[in-house]
Amino acid sequence: MNQLNDLDCGTPARVSEKSVTIEIDGIAVSVAAGTSVMRAAVEAGVNVPKLCATDSLEPFGSCRLCLVEIEGRRGYPASCTTPCELGMKVRTQTPKLADLRKGMMELYISDHPLDCLTCPTNGNCELQDMAGVVGLREVRYGYEGKNHTKLAKDESNPYFSYDASKCIVCNRCVRACEETQGTFALTISGRGFESRVSAGQDQSFMESECVSCGACVDACPTATLTEKTVIMMGQAEHSKVTTCAYCGVGCSFKAEMKGNEVVRMVPNKNGHANHGHACVKGRFAWGYATHQDRMLKPMIRKAITDPWQEVSWDEAVNYAASEFRRIQAKFGKDSIGGITSSRCTNEETYLVQKLVRAAFGNNNVDTCARVCHSPTGYGLKQTLGESAGTQTFDSVMKADVIMIIGANPASAHPVFASQMKRRLRQGAKLIVIDPRTTEMVKSPHIAADYHLKLMPGTNVAVITALAHVVMSEGLFDAAFIAERCEEQSFQDWQKFVLQPENSPEAVAALTGVSAEDIRGAARLFAGGNNGAIYYGLGVTEHSQGSTMVMGIANLAMATGNVGREGVGVNPLRGQNNVQGACDMGSFPHELPGYRHISDTTVRTEFEQAWQCTLDPEPGLRIPNMFDAALDGTFMGLYCEGEDIVQSDPNTQHVTAALAAMECIVVQDLFLNETAKYAHVFLPGSSFLEKDGTFTNAERRISRVRKVMPAKAGKSDWEVTVALANALGYPMAYQHPSEIMDEIAALTPTFRGVSYKKIDELGSIQWPCNDAAPEGTPTMHIGEFLRGKGRFINTQFFATAEKVTRKFPLILTTGRILSQYNVGAQTRRTDNVMWHGEDRLEVHPHDAEERGIKQDDWVGIESRAGQTVLRATITERVQPGVVYTTFHFPESGANVITTNNSDWATNCPEYKVTAVQVMPVTQPSAWQKTYNRFSDEQIQLAKGLVSSDEKDLALLGK
């Protein structure tokens, strides 16, 4: 690893084929053309004083500490803004430079509080460091005159403090907000001596457009912007690099610790997915790991109406195992199953599916990807040959045209969104296909060239119409298709898309998108040198989700936009390890590496390694488990780290199925909605308490490192091992690295992966094997993994979920920046200050028709159920469409979603639910029932019977 990686080189690295050699303090150094003198000095081992410069931002040249002398040049130029020139001779240390720097520092300190001993950044302050470097010993100007030392602090943000009295107006925070984050929430207000950093128009940070990503805090060289945890706890003593446990971006962080307590999470500048940036969740919302709601003791009960009883780990695990065996003896081998977690590590997920197959003896295992990205796996496997995205995130910086379909990266994948916005500000074109006007359609300094604001449920018609324009107007890449794709499938597909019913004019009324806009977007995408497609759950969570994924792949292949940087088909994965959960064999028909359970050769390899006999028949998917439970044939479930009651559609159907089961084992951090139906609770461990790996949306495998002991005594993988052993199937792993070694031995795409290699490289993108020993940033170079790319016809079929006079509106769902998934983590942090409830967005026209005003309570009724939310009147949604999030269980967003699902994968159709919305004055019947049940379950948990008082009969003693 480059020794400069942990240093701040002052200015960003430059990439050039040309090299320039200069001399700095007598030391010759060769650097890429365009490199600043400051950075060249660092590479030569010479550190020039600086305050306004940092290598994550473009040079600014305001602090005047980095002045140097250049032979043959007048004056004292700033080394940060001066590019190296061939033969340049630079001096960084002369008596004159020392006087200039000391004088400049004296001016800074003359308007700065001298409270270093009590300052929260004492020992970690660049201003303090530079005062020492330049040798400042006295300040001649005094403090009697006008100064800023008494300015009030802004404490409005829950995570950091803004102390204007300590601001040196270096502009680093403002530039970080612009260049790194792209929000443009900060500015310098006032002129001259009155200049100070301001959030918005002299607003507080909480009132402004600040999104609390922390880039400004990270950039600040003084105590002006400081984490409140640092103010409260003091400076950290040590740190360890780990990976964020929120979205699929997979940001790398340094967990800065004091003993076993986290002081702060600092984005790792060497993180390959985030390059030192973060969002409000990863940077600040980690407090859930130590929240008082954590359940830290194993618990059991006979019925969900009974109080929970605390027991030892051995008792809980043995009871769960005995119940599973009892159920199998009574109802048959296939009467139990498991659900793996996209929040857990690869190693933990691998063990759960292994437990189901080897210890349960069936293939009844599934994962939350069933309800989010299972169409991605199916659609991309059929067309391109692999169930994953094609690119690295950094690839977007070479895209000329970016198409975003059914995704809002600014809310769901904010760190990647910042990178995407950076490319858009550089001139890339943007096409957004979304029924809602998201932040990506228009925000500071970016705007979509085309926003195809389609009606929910018409994705396939739009993507096929785009392909129609590409083919009918000769915009396709004939050479790419001839070389890389199946000839017959292309001819069949071309004939299909050119049918008149697939033209933009034919689908305009159906989709709500004008033919002119569809044609313009198609021409823009096909006409760019590099076209990249990014999509989210607005693509997959439809009855034609798999069809739409195949349509996206068709368009990418037809325009030759696969197999190099700046292009590709890129699913934006929602959870931290949803890609990894799929990779690890969490689907009932696939073993790790996406290999079918019916393949005798593959199955034999696993049987030999696992010392067991595997069932060749696929098992039950999650929806099938629920149906079988209601039929009385599926009676036991091991659910690790997923809250299916809140996250799965048609909540009342889910809860009825769970209530019908005889033993539900939930392994989680909190008594979540699913745990309220459980008979055994096994405490989970947070990402801070475990070792392992996560795989992000770009197939990047990154290390998760344990920074504190497991609060409940066991990491999740240890619990699964204990359960397997109690079931009579031996597992003897001593560390997660041994589990990864087994994964690598059995999975061709992981063959070269090991903890040692990840530690050496920082991270690895699979496939990693003999053919790609350091991983594969870009897939399908030269040829597709399936050989030739396959075009598949994408006939549009309207969803069965129809609007009627009774249900005239379409409900669609999504996420918001400050909250995450079911909210179990973020609801237990100060992120609730931004978003403390799920709301229903309603267009002003629809609101006026129904007499709904801003903040009114409204009832939402569908064919599946009813709930009540508060209304937000906004033009972000179009007439006929309403929108909500699903982060709060009491909202019941999934009470109204239906059982409709994707034809190929059973991925639920969350994005299209026919509803009626009307003003109401009280909660829905479901909400009243939910509140009573939830309160009862919380009381049953609080009224725990101690281990000494437990009912011995329950344990079979």
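Residues numbered from 1 in each chain as written. Predicted model: local features only at pLDDT ≥ 70, side-chain atom pairs only at ≥ 80, totals over all residues. Heavy atoms only, no water.

Attention now goes to helix α2 (residues 95–110). Across its 16 residues, α2 extends 22 Å between first and last C-alpha, which sits within 8% of the 22 Å expected from 1.5 Å per residue. Leu97, Arg101, Met105, Glu106, Tyr108, Ile109 and Ser110 are the residues of α2 that are buried. Residues of α2 that are buried in the fold lie against β3 (69–70), β4 (89–91) and α3 (126–133). (Helix = DSSP H or I, 4+ residues; strand = E, 2+ residues; numbered from the N terminus. Expected span 1.5 Å × (residues − 1). Buried < 20%, exposed > 50% of the residue type's maximum accessible area, 1.4 Å probe, protein only. Contact = heavy atoms within 4.5 Å.)

Here we take up helix α15 (residues 487–497). Among the residues of α15, Ser489, Phe490, Trp493, Phe496 and Val497 are the ones counted as buried. The arc that holds the buried residues of α15, viewed along the axis, is 125°, so those residues lie on one side. Those residues of α15 that are exposed and aimed more than 90 degrees away from the buried face are Glu487 and Lys495. (Arc of directions from axis to C-beta.)

One can find Glu69 in strand β3. Given a relative accessible area of 14%, Glu69 falls into the buried group. Setting aside its immediate chain neighbours within four residues, Glu69 contacts Tyr76, Lys89, Val90, Arg91, Thr94, Lys96 and Leu97. One polar contact links Glu69 to Thr94, side chain to side chain, over a distance of 3.0 Å. (Polar contact = N/O pair within 3.5 Å; in protein donor to acceptor, adjacent residues only side chain to side chain.)

Another aspect to go through is the layout of surface pockets. Roughly 1100 Å³ of internal volume is contained in the second largest pocket. Taken together, 41 residues make up the lining of the second largest pocket; nearest its centre are Val211, Ser411, Glu439, Ile816 and Leu817. Of all the secondary-structure elements, those providing two or more residues to the lining of the second largest pocket are α11 (409–412), α12 (414–425), β19 (442–443), β33 (839–842) and β36 (881–885). With four residues, the single largest contributor to the lining of the second largest pocket is α12. Residue composition of the lining of the second largest pocket, by class: 16 nonpolar, 15 polar and ten charged. (1 Å grid on protein atoms, 1.4 Å probe; cavity = no way out; pocket = protein on both sides within 12 Å on 5 of 7 lines; lining within 4 Å. Points joined across faces, edges and corners; volume = space filled by probe spheres on them. Nonpolar A, V, L, I, M, F, W, Y, C, P; charged D, E, K, R; others polar.)

Attention now goes to the sheet that holds strand β30 (residues 700–704). Taking strand neighbours across the sheet as the criterion, the three strands line up as β29-β30-β31 in an open arrangement whose pairing is antiparallel. Sheet topology places β29 (692–695) and β31 (764–765) at the edges, where each strand pairs with a single neighbour. The sheet contact formed by β29 and β30 spans four bridges and is antiparallel. Bridging from a neighbouring strand, Gly692 pairs with Val704 of β30. (Pairing = 2+ DSSP bridges.)

Another point: the confidence of the model for the protein chain. Taken as a whole, the protein chain shows an average pLDDT of 94; of its residues, 98% reach a score of 70 or greater. Scored below 50 in pLDDT, residues 946–957 makes 21 contacts in the model with residues more than four places away or belonging to other chains. (pLDDT = per-residue confidence, 0-100.)

This part takes up the packing of aromatic side chains. Applying the stated criterion across every chain, the model contains 22 aromatic pairs. When the centroid spacing of 6.1 Å and the interplanar angle of 70° are considered together, the rings of Tyr246 and Tyr288 count as edge-to-face. Taken together, the residues Tyr246 in the loop between β10 (238–243) and β11 (252–258) and Tyr288 in the loop between α7 (280–284) and β13 (299–300) connect sequence positions 42 residues apart. Like Tyr288, Tyr246 is buried. Relative to Phe360, the ring of Phe324 has its centre 5.2 Å away and its plane inclined at 65°; by these criteria the two rings are edge-to-face. Taken together, the positions of Phe324 in helix α8 (residues 313–331) and Phe360 in helix α9 (residues 346–360) put the pair 36 residues apart, joining distant regions of the chain. Judged on exposure class, the residue Phe324 and its partner Phe360 are both buried. An aromatic cluster is present here, built from Tyr159, Phe160, Tyr162, Phe205, Phe284 and Trp834 joined pairwise through their rings. Positioned above the aromatic ring of Tyr883, the side-chain terminus of Arg436 is 3.9 Å from the ring centre. Geometry around Phe784 places Arg484 over its ring, the cationic atom sitting 4.5 Å from the centre. (Phe/Tyr/Trp six-rings, centres within 6.5 Å; stacked < 30°, edge-to-face > 60°. Lys NZ or Arg CZ within 6 Å of the ring centre and 35° of its normal.)

In total, this model carries zero disulfides according to the counting rule given. There is no disulfide at Cys167, and the cysteine sulfur nearest it, in Cys173, is 6.2 Å away. Free of any disulfide, Cys639 has its nearest cysteine sulfur in Cys344, 9.8 Å distant. Among the residues examined, Cys639 registers a relative accessible area of 0% and is labelled buried. (Disulfide = S-S within 2.5 Å.)

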